[in-house]
Amino acid sequence: MKIVHFIFALMMGTSGLAGAAGDHDHGHEHKPLHGGIVTEVKDMDFELVAKSDSIQLYLRDHGKPVDTSKASAKITLLSGSQTQEVNLQADGNKLAAKGSFSISSGTKAVAQVNYAGKAINARFVLK
């Protein structure tokens, strides 16, 4: 249970940074293209589409889709006192997983993405 509180505290402590990073514009918009939630980290847009039976993560670099064939990600879902970890695999132009997921309004998600030899963390709060 302590790890859940640690992850939550970590997310809340850095959530302002993620929001601040998304406030500037480099000639491209940070709008969802797949009906999900978008956050920007290190000049890349991450769009999370989370449903109770599937999770998809789309990556864009300066507005252009990223080849996810050599990428991977792990999503940690925090919903109330429940924590669920989901491994995403390359699936066409996205990273995805199918299963049964605890998704509701207010669920927090942390994506640990491995792309181009870099580890990137992206944070989301589901609506």
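Residues numbered from 1 in each chain as written. Predicted model: local features only at pLDDT ≥ 70, side-chain atom pairs only at ≥ 80, totals over all residues. Heavy atoms only, no water.

Colleague: Any chance you could break down the overall build of the chain for me, citing the residues and the numbers?
Modeller: In terms of helices and strands, the chain carries one helix and nine strands. Written out in order from the N terminus, the α and β elements of the chain read α-β-β-β-β-β-β-β-β-β. Of all 127 residues assigned to the chain, the portion counted as buried reaches 40%. In the chain, the proportion of contacts linking residues at least 24 apart, taken out of those at least 6 apart, comes to 47%. Total accessible area on the chain stands at roughly 7200 Å², and carbon and sulfur atoms take up 53% of it. (Helix = DSSP H or I, 4+ residues; strand = E, 2+ residues; numbered from the N terminus. Buried < 20%, exposed > 50% of the residue type's maximum accessible area, 1.4 Å probe, protein only. Contact = heavy atoms within 4.5 Å. Areas by Shrake-Rupley, 256 points an atom, 1.4 Å probe, with all protein chains shown as cover.)

Colleague: Which residues make up the pattern of salt bridges, and what are the values?
Modeller: In the structure shown here, the tally under the stated rule is four salt bridges. The partner of Glu47 in a salt bridge is Arg60, and the shortest N-O contact between them spans 3.2 Å. Taken as a pair, Glu47 in strand S2 (residues 44–50) and Arg60 in strand S3 (residues 54–61) lie far apart in primary sequence, 13 residues in all. Using a relative accessible area of 0% as the deciding quantity, one classes Glu47 as buried. Residue class for Arg60 comes out buried when judged on its relative accessible area of 5%. Between Lys74 and Glu85 there is a salt bridge, with the nearest N and O atoms lying 3.7 Å from each other. Here Lys74, found in strand S5 (residues 72–79), pairs with Glu85, found in strand S6 (residues 82–91); they are eleven residues apart in sequence, far enough to count as distant. On the basis of relative accessible area, Glu85 is assigned to the exposed category, the value being 53%. One network of salt bridges, with partners in common, ties together Asp45, Glu47 and Arg60. (Salt bridge = Lys/Arg side-chain N within 4 Å of Asp/Glu carboxyl O.)

Colleague: Outline the nonpolar core, listing residues and values.
Modeller: The biggest cluster of nonpolar side chains holds 25 residues, and the ones touching the most others in it are Phe46, Leu57, Leu88 and Phe124. The set of elements that each furnish at least two residues to this core consists of strand S1 (37–41), S2, S3, S5, S6, strand S7 (94–98), strand S8 (108–115) and strand S9 (118–125). (Core = buried A, V, L, I, M, F, W, Y, C linked by side-chain atoms within 4.5 Å.)

Colleague: Could you give an account of the environment of Ser72, naming the residues involved and the relevant values?
Modeller: You can see Ser72 is positioned in strand S5. Separated by 22 residues in the primary sequence, Ser72 and Lys94 place their C-alpha atoms 9.7 Å from one another. Once residues lying within four places of it in the same chain are set aside, the contact partners of Ser72 are Leu88, Leu95, Gln112, Val113 and Asn114.

Colleague: Tell me about the side chain of Thr107, and please be specific about residues and values.
Modeller: Tracing the backbone through its elements, the reader meets Thr107 in the loop between S7 and S8. Given the relative accessible area of 1%, Thr107 is considered buried. One polar contact links Thr107 to Ser79, side chain to side chain, over a distance of 3.4 Å. Apart from residues lying up to four places away in sequence, Thr107 is in contact with Leu77, Leu78, Ser79, Ser102, Phe124, Val125 and Leu126. (Polar contact = N/O pair within 3.5 Å; in protein donor to acceptor, adjacent residues only side chain to side chain.)

Colleague: If you had to explain the environment of Lys74 to someone new, which residues and values would you point to?
Modeller: Judged by its relative accessible area of 26%, Lys74 is partly exposed. Separated by 14 residues in sequence, Lys74 and Leu88 have C-alpha atoms that sit 5.8 Å apart. Every residue in contact with Lys74, bar those within four places of it in the chain, is listed here: Glu85, Val86, Asn87, Val110, Ala111 and Gln112.

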